[in-house]
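Chains, contacts and geometry: an overview
Now for the letters of each chain:
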Amino acid sequence: MVKTRNGDGSAHEVLYIPRVITSEKIKELEYQEEIVRSNLEAKKANLVKTDFLRRMSHDIRTPINGIIGMTNIADHYPDDLKKQEECRRKVKNASNFLLELVNNVLDMSKLESGAMELDELSFDFIKLLREVENITKMNGENKGVRVTSDYSNTRECMVVGSPLHVKQVVLNIAGNAVKYTNEGGSVNLSVKEVSNDGETVTYKLECSDTGLGMSEEFMKHAFEPFSQEKYGARTNYTGTGLGLAITKQLVDLMGGSISLSSELGNGSVFTYIQSFKLADEKTSDNDIVENVSLDGRNVLVVDDNLINQEIARFVFEEKGAVVTCADNGDDALNKFKNNKYDLIVMDIMMPIMGGYEATRRIRAIDKDVLIFAMSANAFSDDVKKSLEVGMNEHLSKPLVMDDLNRALGKYFK
């Protein structure tokens, strides 16, 4: 009870109940706060998703429109060889951009989910850089950009790492430099051996260009997905806005570092530092094998897509093989029972019987026949499953001839 005064000054007592917030009330308030926070995060996620889909729709439709449009133009000039060549070149450019986009989106997905797996292979780092340089020079020549290199501060030696991902990092850096350097400009790749203690070697690669450069504000976001200084860059197949984000995540995954310095209008310099264990082997696990001959060899191509059959038939007949096609795993199994093949090239996702089941059944009959997966299933777990069911190699579509020759070179001399 507490005393209080009336209007006439007299006093009286009233019951006072203190305002106490109970633990139950606190939990209720915290729960309501969590709901509000969850709703805000959901709205933010939806905005990110919508923006992602909008960008993907734009970036996918743009090259597809180019492919369809150039095909229609080529049909209109059937006898004009110069126009046909021009249209084919533009279709290839649009197709390559579309493939790059798909690969980048898949790479981002794998990196963000933690599903990206690094290899532990021996390879020649300097040889790999020279391969990247050759590709970069060809791209530079097409744009009128001069590409130079400096390897004077390095010694060639075998290292252990993930050559596919190292190559992807350097290609992204060098390719980005060429993309954003105008005609008449230059790009330089400089490599220096920072340290070598007999067990580990560290290299520093600098890629400098005389290109468009970046503003100070944009550099803060350069390694974020879809970051581009100018949105208009997307309309000419010059970039997806994912390359540098993937590069940064790959470098982090491999324990390296990457940084950049730039000034708008005055070019950029990317610095990539990576350490490798030194390898004992004198030969590389990633050496490119020259064109392998399959003269007189019988090859069974198994694919439910007739266009893919036609492409595979052309590739293997060019190598001298005698090619037979099967439309699915069941068809392949029947053909295999009645004929002898030196190599079976097996798609995975097919009607009636898929490639995995067909491989299991063929392996039950013949444990030695060569079976290569040739599939659009390109994740590392797809490769692992192909090998687990008994396939000798896994090749991803679209087929890269260096990968095919490397695989064939293991079994055919």
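Bear in mind the structure is a predicted one, so any value in this text is a computation, not a measurement. The residue numbers shown here count from 1 along each chain, following its written sequence. Whole-chain, interface and lining totals are the exception, using all residues; otherwise, since this is a predicted model, local features are given only for residues with pLDDT of at least 70 and side-chain atom pairs are given and counted only at 80 or more. Side-chain calculation: all heavy atoms of the structure are included, whereas hydrogens and water are not.

A run of DSSP states H or I qualifies as a helix once it reaches four residues; a run of E qualifies as a strand once it reaches two. Both are numbered from the N-terminal end. Along the backbone of the protein there are 11 helices and 14 strands. Burial statistics for the protein: of 413 residues in total, 39% are counted as buried. We call two residues contacting when some pair of their heavy atoms lies within 4.5 Å. Look at the contacts in the protein between residues 6 or more apart in sequence, and 68% of them connect residues 24 or more apart. Summing over all exposed atoms, the protein offers an accessible surface of approximately 24,000 Å²; the carbon and sulfur share of this is 51%. Only protein chains enter the area calculation, which uses a 1.4 Å probe; residues under 20% of their type maximum are buried, those over 50% are exposed, and those in between are partly exposed. The protein chains shown are the only cover counted for residues, whose accessible areas, like all others here, come from Shrake-Rupley with a 1.4 Å probe.

With that out of the way, let us pick up the packing of aromatic side chains. Between 30 and 60 degrees the pair is tilted, below 30 it is stacked and above 60 it is edge-to-face, where a pair is any two Phe, Tyr or Trp rings, Trp via its six-membered ring, whose centres lie within 6.5 Å. As enumerated under the stated definition, the model contains 6 aromatic pairs in all. Between the aromatic rings of Y203 and F276, the centroid separation amounts to 6.4 Å while the plane-to-plane angle is 55°, which identifies the pairing as tilted. In this pair, Y203 sits in strand β7 (residues 200-209) while F276 sits in strand β9 (residues 268-278), placing the two residues 73 residues apart along the sequence. By the burial criterion, Y203 is buried, and F276 matches it. Judged by centre distance (5.8 Å) and plane angle (55°), the ring pair of F372 and Y411 falls under tilted. One end of the pair, F372, is in strand β13 (residues 370-375); the other, Y411, is in the segment after α11 (401-409), and 39 residues separate them in sequence. You can call F372 buried: its relative accessible area is 0%. Three or more aromatic residues joined by ring pairs form one cluster here, namely F123, F125, Y203 and F276.

Any two strands are treated as partners once DSSP identifies two or more bridges connecting them. Where β13 lies against strand β14 (residues 393-396), 4 bridges are found, and the strand directions are parallel. Across the sheet, the residue bridging to S375 is S396, located in β14. Note on handedness: a clockwise path from strand one over the helix to strand two, with the strands aimed away from the viewer, defines a right-handed crossover. With respect to chirality, the unit in which β13 leads through helix α10 (residues 380-388) into the neighbouring parallel β14 is right-handed.

Here the focus is the confidence of the model for the protein. By definition, pLDDT measures how confident the predictor is in each residue, and it falls between 0 and 100. Within the protein, residue pLDDT values average 85, and 87% of them lie at 70 or more. Looking over the protein, one finds the lowest element-wise mean pLDDT in strand β1 (residues 2-5), namely 55, and the highest in strand β12 (residues 343-346), namely 98. With pLDDT under 50 throughout, residues 231-235 is counted as low confidence; its partners more than four residues away or in other chains account for 15 contacts.

Time to look at the sheet that holds β14. Taken together, the 5 strands give an open sheet; going across it, the order is β11-β10-β12-β13-β14, and neighbouring strands pair in parallel fashion. Both edges of this open sheet fall to β11 (322-326) and β14, since each of them pairs with a single strand only. The mean angle between the axes of side-by-side strands here comes to 20°, regardless of whether they run parallel or antiparallel. Examined bridge by bridge, strand β10 (residues 298-302) and β12 share 4 bridges and lie parallel to one another. The partner of V299 across the bridge, within β12, is L343. Against the sheet, helix α8 (residues 329-338) makes contact with β10, β11 and β12, and its axis sits at roughly 135° relative to β11, the strand it touches most. For helices, the axis comes from a line fit to the C-alpha atoms of the stretch in contact; other axes are also lines fit to C-alpha atoms, and the angle between any two N-to-C directions lies between 0 and 180 degrees. On the sheet, α11 packs against β12, β13 and β14 and is oriented at approximately 170° with respect to β14.

Another point: the nonpolar core. By nonpolar core we mean a set of buried residues, namely Ala, Val, Leu, Ile, Met, Phe, Trp, Tyr and Cys, connected to one another through side-chain atoms within 4.5 Å. Counting residues in each nonpolar core, the largest one holds 43 residues, and the members touching the most others are F125, L129, V166, Y203 and Y272. With 7 residues, helix α4 (residues 163-179) is the single largest residue contributor to this core. When residues no more than four places from it in sequence are discounted, the contact partners of F125 are C157, V159, V166, V191, Y203 and F276.

This next bit is on the environment of N328. By the element assignment, N328 lies in the loop between β11 and α8. For the pair formed by N328 and A358, sequence separation is 30 residues and the distance between their alpha carbons is 8.6 Å. For N328, the residues in contact, after removing those within four places along its chain, are V302, M350, P351, I352 and M353. Any pair of nitrogen or oxygen atoms within 3.5 Å is treated as a polar contact; in protein, a donor-acceptor pairing is required on top of that, and neighbouring residues in sequence qualify only through side-chain atoms on both sides. Looking at N328, its side chain comes within polar contact range of the main-chain nitrogen of D331, at 2.8 Å.

This part covers the side chain of D303. Along the chain, D303 falls in the loop between β10 and α7 (306-318). Not counting chain neighbours up to four residues away, the residues in contact with D303 comprise N308, Q309, A326, D327, D347, M350 and K397.

This part takes up the pattern of salt bridges. Put simply, a salt bridge is a Lys or Arg side-chain nitrogen that is within 4 Å of an Asp or Glu carboxyl oxygen. For the structure on display, the rule yields 19 salt bridges. Linking K335 and D331 is a salt bridge whose minimum nitrogen-to-oxygen distance equals 2.8 Å. With K335 and D331 both in helix α8 and 4 residues apart, this pair spans about one turn of that helix. Ionic contacts of the salt-bridge type, sharing partners, join the residues E33, E34 and R37 into one network.

Next up on the list: a nonpolar patch on the surface. Taken together, I60, I64 and I68 make up a surface patch of nonpolar side chains, about 230 Å² in accessible area. Relative to the helices and strands, I60 resides in helix α1 (residues 23-76). Since its relative accessible area comes to 34%, I60 is described here as partly exposed. For patch building, the residue pool is restricted to those with more than 30% relative accessible area and no salt bridge; the joining distance is 9 Å between like charges and 5 Å between nonpolar side chains (Val, Leu, Ile, Met, Phe, Trp, Tyr).

Another aspect to go through is the side chain of E193. With respect to the element layout, E193 can be found in strand β6 (residues 186-196). Of note is the side chain of E193, whose polar atom sits 2.6 Å from the side chain of R155. The contact partners of E193, leaving out residues within four places of it in the chain, are N153, T154, R155, V201, T202 and Y203.

So, about the packing of α8 against helix α9 (residues 355-365). It is at 9 Å that the axes of α8 and α9 come closest, and there the two elements cross at 15°. What the angle tells us is that α8 and α9 run roughly parallel. Every pair of crossing elements has a handedness; the one defined by α8 and α9 is right-handed. The residues of α9 that touch α8, namely those facing G329, L333, F336 and K337, are A358, R361, I362 and I365. If an angle is under 35 degrees, it is roughly parallel; if it is over 145, roughly antiparallel; if it lies from 65 to 115, roughly perpendicular; otherwise it is oblique. Working rule for handedness: look at the near helix, and if it is turned counterclockwise from the far one by less than a right angle, call the crossing left-handed; if clockwise, right-handed.

Apart from glycine, the bulk of residues carry a negative phi angle, and the bulk of peptide bonds sit in the trans form. Residue P398 is bonded to the preceding K397 through a cis peptide linkage, with omega at -5°. Mapping P398 onto the fold places it in the loop between β14 and α11. Residues other than glycine seldom take positive phi values, yet I352 does so here, at roughly 70°. Mapped onto the elements, I352 comes out in the loop between β12 and α9.

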